[in-house]
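Listed below, chain by chain, are the residues.
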Amino acid sequence: MKIVIPGGTGQVGAILNRALTAAGHDVVVLTRRPARGREVRWDGETLGPWAEVIDGSDIVINLAGRSVSCRYTAPNLQAMMDSRVHSTQVVGEAIARAARPPRVWLQMSTATVYAHRFDAPNDEATGVIGGSEPGVPDYWAYSVEIAKAWEQAQQEADTPRTRKVALRSAMVMSHDRGGVFDVLLGLARLGLGGPVAGGAQYVSWIHERDFVRAVDFLVDRDDLTGPVNLAAPEPLPQRAFMRALRSAWGIPMGLPATKWMAEIGAFALRSDTELLLKSRRVVPGRLLDAGFTFEHGEWQEAAQDLAQRVRLRRGGRRRPGAAVPAVSRLS
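1. Focus on the pairing of strand β5 (residues 104-108)
Burial of β5 is extensive: five of the five residues sit out of reach of the surface. Where burial is concerned, the two faces of β5 agree: the one with V104, L106 and M108 and the one with W105 and Q107 are both buried. Relative to β5, strand β4 (residues 59-62) runs parallel, the two being bridged by four bridges. Bridging from a neighbouring strand, V60 pairs with W105 of β5. A crossover connection joins β4 to the parallel β5 through helix α2 (residues 74-97); in handedness this β-α-β unit is right-handed.

Following this line, the structure appears as structure tokens:
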């Protein structure tokens, strides 16, 4: 199949490109800075010659959008909004104008659309959309508005011959250098892998292989449209999440951090504390109801698998008795 991935040069795009290419698919990446074969230039805002690669493609997986790993200043938040909405709108225009449009359009979204909560998990049917929670920073509501506008841009696209799915993804955990897991592991190795602000806030996540498998599953399921949560079925409090990560690497302890300490750390890393403090208790209701099964459904096992793969990436030896990670259908 021919698969087009707008914005496919980031962590998630690299994961998908690697797996789909290995499975024998023709993958084309749309990027502002093409640097290798099968990469095509686009600006993420206006139609151009790049639209020709969408005409005749089988699947479009749009991942475009400014990284959330930044300070949440007003200009950065506006850039997040514009880059997501404009790129989604122009992908929709390209699909609408195509003589042979793709049969499926998977559009990246985010689990951040759900409310900050501790009492119950958020699935697609009963989950609470955020934006009006008491006691949280005002700008958290704008993150929810970004997510809502992102999905609305896909919904409003006039593409009657193309099935549309919005991927409300949790953090994708991979062994890649610079990915979320790698960053968290680096902090833990420095002794900073303890609970943050008490650690009661829930962390939702998905192993990279299950992310790829879920994409493959959604491509094949013609009956699934609209928002779908891509998250492992067992989110857990941040303190337990980091405890399992430390255990996977053999780190006995992690220093706790107060909220103000997290603010200082986020400033130093040019990031934002929403990524640490918002409780994202998200579960994959529609995937499970449709019969999808997770290879890595529990974080303790997933963290051990990822830690082992990081060791292999770094040239380390496999621990005696450690299992070699299973290979998914696409990867």
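2. Here's the deal with the confidence of the model for the chain
Within the chain, residue pLDDT values average 92, and 94% of them lie at 70 or more. For the stretch residues 318-331, pLDDT sits under 50, and the model shows 27 contacts to residues farther than four places along the chain or on other chains.

3. Overview of helix α3 (residues 139-156)
The terminal C-alpha atoms of α3 lie 26 Å apart, and with 18 residues this matches the ideal 26 Å at 1.5 Å per residue to within 8%. Where α3 is concerned, the buried positions are W140, S143, V144, I146, A147, W150, E151, A153 and Q154. Its buried side turned inward, α3 meets α2, β5, β6 (163-169), β10 (226-230) and α8 (274-277).

4. Considering the sheet that holds strand β3 (residues 39-41)
Strand pairing in a sheet relies on backbone hydrogen bonds. The paired strands run either parallel or antiparallel. Spatial ordering of the open sheet is given by β3-β2-β1-β4-β5-β6-β10, a layout of seven strands whose pairing is parallel. Each edge of the open sheet carries a strand with a single partner, namely β3 and β10. For this sheet, the mean inter-axis angle between neighbouring strands, taken without regard to orientation, is 25 degrees. Contacts from helix α5 (residues 208-220) reach β4, β5, β6 and β10 within the one sheet, and its direction differs from that of β6 by about 160 degrees.

5. Section: the environment of I3
Following the sequence through the fold, I3 ends up in strand β1 (residues 2-6). In this structure I3 comes out as buried when scored by relative accessible area, which is 2%. Sequence separation between I3 and N17 is 14 residues, and the spatial gap between their C-alpha atoms is 9.3 Å. When near neighbours in sequence (up to four residues on either side) are disregarded, I3 contacts L20, H25, D26, V27, V28, I59 and I61.

Reading guide: rules and limits
Just so you know, the residues in each chain are numbered from 1, in the order the chain's sequence is written. Only residues with pLDDT of 70 or above have their local features reported here, since the model is predicted, and side-chain atom pairs are shown and tallied only from 80 upward, although totals for entire chains, interfaces and linings are computed over all residues. Values shown for side chains rest on all heavy atoms present in the structure; no hydrogens or waters enter the calculation. A 1.4 Å probe rolled over the protein chains alone gives each residue an accessible area, and that area as a share of the maximum for its type sets the label: buried under 20%, exposed over 50%, partly exposed in between. What counts as a helix is a DSSP run of H or I of at least four residues, what counts as a strand is a run of E of at least two, and both are numbered from the N terminus. Two strands are counted as paired when DSSP detects at least two bridges linking them. Seen with its strands pointing away from the viewer, a crossover is right-handed when the path leading from the first strand over the helix to the second is clockwise. Here pLDDT means the predictor's own confidence in every residue, given as a number from 0 to 100. Should any heavy atoms of two residues lie within 4.5 Å, those residues are considered in contact. An expected span of 1.5 Å times one less than the residue number is assigned to each helix. For every element, the axis is a line fit to its C-alpha atoms; helices are fit only across the contacting stretch, and the angle between N-to-C directions ranges from 0 to 180 degrees.

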